[in-house]
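Listed below are the residues making up each chain.
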Amino acid sequence: MLTRLLVLLVRAWQVGPSAILPPSCRYQPSCSAYAITALRRYGAVKGGWLAAKRIARCHPWGGFGPDPVP
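Residues numbered from 1 in each chain as written. Predicted model: local features only at pLDDT ≥ 70, side-chain atom pairs only at ≥ 80, totals over all residues. Heavy atoms only, no water.

This part takes up the layout of surface pockets. Taken as a whole, the largest pocket holds about 420 Å³ of empty space. Along the wall of the largest pocket there are 15 residues; nearest its centre are Trp13, Ser18, Cys25, Cys31 and Ser32. Put simply, the parts of the chain that give the lining of the largest pocket at least two residues each are helix H1 (2–15) and helix H3 (31–57). For the lining of the largest pocket, the element with the highest residue contribution is H3, accounting for four residues. (1 Å grid on protein atoms, 1.4 Å probe; cavity = no way out; pocket = protein on both sides within 12 Å on 5 of 7 lines; lining within 4 Å. Points joined across faces, edges and corners; volume = space filled by probe spheres on them. Helix = DSSP H or I, 4+ residues; strand = E, 2+ residues; numbered from the N terminus.)

As a further point, take the environment of Cys31. For Cys31, the position within the fold is in helix H3. The buried category is assigned to Cys31, whose relative accessible area is 18%. Counting along the chain gives 26 residues from Cys31 to Arg57, while the straight-line C-alpha distance between them is 9.9 Å. (Buried < 20%, exposed > 50% of the residue type's maximum accessible area, 1.4 Å probe, protein only.)

Counting residues in each nonpolar core, the largest one holds six residues, listed as Val7, Val10, Ala35, Ile36, Leu39 and Ala51. For this core, the secondary structure elements donating two or more residues are H1 and H3. For this core, the element with the highest residue contribution is H3, accounting for four residues. Sequence-distant contacts of Leu39, that is, excluding residues within four places in its chain, are made with Thr3, Leu6, Val7, Val10, Ala44, Gly47 and Gly48. (Core = buried A, V, L, I, M, F, W, Y, C linked by side-chain atoms within 4.5 Å. Contact = heavy atoms within 4.5 Å.)

Topologically, Ser32 is positioned in helix H3. Not counting residues within four places of it along the chain, the set of residues in contact with Ser32 comprises Val10, Trp13 and Gln14.

Of note, the bond from Gln28 into Pro29 is cis; its omega dihedral lies within 30 degrees of zero at 0°. Position of Pro29 among the secondary structure elements: in the loop between strand E1 (27–28) and H3.

In structure tokens, the structure reads:
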């Protein structure tokens, strides 16, 4: 149930603010797509942790390129 709520929040981000802002993703897949995959694959706790770590790496001095969900 918590996983579905978190996925719904990420989807709201995708169709809301993210659709208005210019694309700025450094990684493939985007952080929101990564979060949805991680949440569905690992559940709310571990998937949420993986998504949070990914978002924390997304800054101008971070990496770039392919970064699939483990």
